[in-house]
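Okay, here's what each chain looks like letter by letter:
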Amino acid sequence: MRSLILALCLMSLPAWAQAPKTSSFDLMKPETQAMQRDDASNPAMLWIAEGRTLWSEKAGASRKACADCHGDVGSLRGVAVRYPAFKATQHKVITLDQQIQICRVQEQKADPWALESRPVLALSALIGLQSRGLALLPATPAEASTLAQGRALYEERRGQMNLSCAQCHDDNAGKSLGGAVIPQGHPTGYPLYRLEWQDLGSVERRLRNCMVGVRSEPYPYGSPEMVALEVFLRDRAAGLPLETPAIRP
Ligand code: HEC
Ligand code: HEC
């Protein structure tokens, strides 16, 4: 009886609730979904293995490994779902990949790694994997101004096609565009292995593809605009589970 009442309450939900948030995973072919579900057939696991090696490798003038300060990488469970994050020590919001760069230079005292380089992606994927299945978290009050900047960029029309992110990912999500279905655009699986790239890439690489797609100049990796867009996307996707490392077509 109690469950019947609960069922009736749930049935009345859609009247006022918004369209449910969905991951692009739901739009993929069953074969591609199977590839993501099975770690043994997910090519991103090659980067994860590399990340594990890097995690315990002593480097730089400090002769310290990530593990020497952070312990088992499993202790970073819950970290990836709250990045990009405001860092008081940096006086700004930074991405997880930028945090890895900072530890590399400031803590290990080693040569810097570029964004989108193989070691940064490998460690970022490994740290992301620790939070697989956890819900992405909304922006915090300290991230509010970056969130607002990200929202403005998301709604701004750009490029020769004069299209905003919102026009595709909010107004036309679910419709097809030149063979692909436009997803809601939630960053649930990054860094991920994209079949089209034959490579692992960050969410910034994906956003640059979307920017080039509307014939606009893409923002540089790690730029304030990229970081702001990522904070907005994370907040917009809040509640969806992290899939890192995902597969996309
Ligand atoms: C000498 C010690 C040291 C080493 C070596 C080190 N870190 Fe850190 N790491 C820190 C400290 C201290 C912080 C906290 C900094 C802050 O909050 O601004 C931190 C923060 C982080 C965070 C953010 C955690 C959070 O809760 O937000 C990540 C991720 C991280 N480190 C990854 C790495 C990786 C990957 C490596 C190896 C490439 C590494 N660290 C090497 C000391 C170290
Ligand atoms: C012309 C329509 C269009 C515009 C404008 C556009 N995108 Fe996309 N976006 C797409 C399509 C289509 C895909 C999926 C492509 C595929 O999987 O083959 C995508 C994928 C994405 C994804 C990846 C989702 C996932 O699960 O991997 C994100 C995030 C995203 N877009 C964000 C943005 C942002 C932010 C902007 C604005 C800077 C933007 N997009 C502009 C069409 C668009």
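Calculation rules
Residues numbered from 1 in each chain as written. Chains lettered and ligands numbered in written order. Predicted model: local features only at pLDDT ≥ 70, side-chain atom pairs only at ≥ 80, totals over all residues. Heavy atoms only, no water. Domains from an automatic or database assignment. Contact = heavy atoms within 4.5 Å. Buried area = accessible area lost by both parts, 1.4 Å probe. Helix = DSSP H or I, 4+ residues; strand = E, 2+ residues; numbered from the N terminus. Nonpolar A, V, L, I, M, F, W, Y, C, P; charged D, E, K, R; others polar. Buried < 20%, exposed > 50% of the residue type's maximum accessible area, 1.4 Å probe, protein only. Lys, Arg positive; Asp, Glu negative; His and termini not counted. Salt bridge = Lys/Arg side-chain N within 4 Å of Asp/Glu carboxyl O. Polar contact = N/O pair within 3.5 Å; in protein donor to acceptor, adjacent residues only side chain to side chain. Expected span 1.5 Å × (residues − 1). Pairing = 2+ DSSP bridges. Donors = N, O, S within 2.8 Å, 3.2 Å for Na, K, Ca; no water. Tetrahedral: all angles 85-135°; square planar, octahedral: opposite > 155°, others 65-115°.

### Some thoughts on the domain arrangement of the chain
Per the domain assignment, the segments of the chain are domain 1 (45–129) and domain 2 (135–248). With 21 residues of domain 1 at the contact, the number on the domain 2 side is 23 residues. Among the residues domain 1 hides against domain 2, the three largest losses belong to W47, V81 and E116. Together they make up 32% of the total. If you list the elements that add at least two residues to the side of domain 1 that touches domain 2, you get helix 3 (45–55), strand 1 (85–87), helix 5 (96–107) and helix 6 (118–129). The element contributing the most residues to the side of domain 1 that touches domain 2 is helix 6, with 5 residues. Class assignment for the residues of the side of domain 1 that touches domain 2 results in 14 nonpolar, 4 polar and 3 charged.

### Observations regarding the side chain of E116
Inspection of the secondary structure puts E116 in the loop between helix 5 and helix 6. The buried charged residue E116 lacks any salt bridge partner; its closest oppositely charged side chain belongs to R205, at an N-O distance of 4.8 Å. At 2.6 Å, the side chain of E116 and the side chain of S202 are in polar contact. Sequence-distant contacts of E116, defined by excluding residues within four places in its chain, comprise L121, G201, S202, R205 and Y221.

### Describing helix 6
Counted at 1.5 Å a residue, the expected span for helix 6 with its 12 residues is 16 Å, and the 16 Å between its end C-alpha atoms agrees. Taken across its 12 residues, helix 6 has 11 buried, putting it largely inside the fold. Those residues of helix 6 that are buried are in contact with helix 3, helix 5 and strand 6 (199–201).

### Remarks on the sheet that holds strand 7 (residues 247–248)
Pairing between the strands of a sheet is mediated by backbone hydrogen bonds and can be parallel or antiparallel. One open sheet holds the 3 strands; their spatial order is 6-5-7, and the pairing between them is mixed. Sheet topology places strand 6 and strand 7 at the edges, where each strand pairs with a single neighbour. In terms of strand pairing, strand 5 (residues 192–194) meets strand 7 through 2 bridges, oriented parallel. Along strand 7, the bridge assignment pairs R194 with R248.

### Thoughts on the coordination of the iron atom of ligand 1
The protein atoms donating to the iron atom of ligand 1 are H70 (NE2) and C103 (SG), with metal-donor distances spanning 2.0 to 2.3 Å. Of note is the iron atom of ligand 1, whose 6 donor atoms meet at the metal with angles of 87 to 178° in an arrangement that counts as octahedral. Linking H70 in helix 4 (residues 66–70) with C103 in helix 5, this pair joins segments that are 33 residues apart in sequence. With a relative accessible area of 36%, H70 lands in the partly exposed category.

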